[in-house]
Amino acid sequence: MAKFLLCVLVFALCFVSTQSRPIFIDSRKVYNVIDYGAVGDGLVDDTKVRLMDFAYEVYDMAFMDAWKATCKSSMSSPTMHVPQGMTFLLQPLTFNGNCKSNNITVQIDGTIIAPSDPSAWKCPDDKCLIWIEFHDFKGLLIRGSGTINGQGKKWWDLKCKENKRGFVIGGSNNVHIDGLTFEDSPQMHIAFERSEWVNATSLTIQAPKHSPNTDGIHIQHSKNIIIYNTSIGTGDDCISIGDGSSHINISNIDCGPGHGISIGSLGKDGKHETVEFVHVKDVSFTGTTNGARIKTWQGGKGYARNITFEHITSIGSARPIIIDQYYCNHKVHKHCGNQTSAVRVSNIVYDQIYGTSDKEIAVEFSCSKSVPCNNIIMRNISLHSTEDGTQTSSICQNVRGLRNGDIIPEVPCLNDAENLQ
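With an unreviewed UniProt entry as reference, the chain is termed Polygalacturonase, source organism Lithocarpus litseifolius. Taken directly from UniProt, the Subcellular location (unreviewed entry) text for the chain runs: "Secreted, Cell wall".

**Description of the state of the cysteines**
Scanning all chains against the criterion turns up five disulfides. With its sulfur 2.0 Å from that of its partner, Cys71 forms a disulfide with Cys99. Looking down the S-S bond of the Cys71 and Cys99 bridge, the torsion is -105°, so its handedness is left-handed. With Cys71 in helix α2 (residues 62–72) and Cys99 in the loop between β7 (93–96) and β8 (104–108), the pair connects residues that are 28 residues apart, well separated along the chain.

**Re the packing of aromatic side chains**
Counting across every chain of the model gives twelve aromatic pairs. Centroid distance Trp67 to Phe95: 5.6 Å. Interplanar angle 75°. Geometry classified as edge-to-face. Here Trp67 is found in helix α2, whereas its partner Phe95 is found in strand β7, with 28 residues between them in sequence. One exposure class covers both Trp67 and Phe95, and it is buried. With a centroid separation of 6.1 Å and an interplanar angle of 55°, the aromatic rings of Phe134 and Phe137 are classed as tilted. In this structure, Arg305 is placed above the aromatic ring of Tyr303, and the distance from its NZ or CZ to the ring centre is 3.6 Å.

So, how was this worked out
Residues numbered from 1 in each chain as written. Predicted model: local features only at pLDDT ≥ 70, side-chain atom pairs only at ≥ 80, totals over all residues. Heavy atoms only, no water. UniProt positions renumbered as here; feature names shortened; annotations may be inferred. Disulfide = S-S within 2.5 Å. Helix = DSSP H or I, 4+ residues; strand = E, 2+ residues; numbered from the N terminus. Phe/Tyr/Trp six-rings, centres within 6.5 Å; stacked < 30°, edge-to-face > 60°. Buried < 20%, exposed > 50% of the residue type's maximum accessible area, 1.4 Å probe, protein only. Lys NZ or Arg CZ within 6 Å of the ring centre and 35° of its normal.

Structural data, given as structure tokens:
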């Protein structure tokens, strides 16, 4: 009899709990994760919250229940809300689109953290390549004053070779991300993959300068991407643009520490990879190990073309301008021998790039003898050494192109052009 009464009590409490949360009531426009069982103390797993400790365990799928309610809402613009002043511990999870509305908002004002210990991550395939993913959307706004912290320090100590992504927009169109702070991802902080018309603005992305592979934003197989008014300081590229990407606009970026803004790397293991129509404007590089960079592997195929870097300021960065067709990670690849094929680099413009270089070589064009860099144009470049009395210089191998205006340091392999527009 006692066991029967206990079961009745458990059932009744579960019924009251679910009935008090309007999971599928469309009259609500805002769906707060707290109303769906999230605790927000930074200790309890808010991916799956244990409600009671009786003979039977009952769980709330807090964030996912809130998401299901938002996704199934027939309101024109429903919102899932992560409230401020609270910290939510989340395991890897995917928010799938195909929702009733194509105008969904995820409002993040609190803090979201990953498990700090890699062994505590619960992943369906045990690879843990992605922490949080938004997949298959046709209209999504992610905004707020909150912080998304990957707690990656112990991952960095493991020196993982896989490309782990902290926050992914995948297979989606018409996505806007605004105002958030991203910190200490295990590797890449944000990735845009196989997506179109993604707009990212007013973001702050930060990790220690020696944290490995912690790119700020990585773009791959995507087009019509706009990134502006954003501050990025990490242990790798501030922004990296990979294979299959085109029509990328980047502006008003503070980059540093980090490895600069990079096209590539492209062509690893002989692959055919492409990037084109990239415009980088109004960027400051502060103490970065590279600035405006294009990097391709020997033996690769494809192209990097129609790329413009303009209105750039370098503040004590090393190699503010670099094209490297001999890119090879010597820490991973012991044998980086010369190969004849190469990713073709052409139609590259450097315009109004000023400031200081931490190294003597401020401009490096290391291009392939068999596939030279073609139509490289430089206008109004002035890069001086951070050390008094030291002049900057350039490396200029296998390059064809034009120069106009004052060019410091001298780049002798480019031809002078009169009235170049």
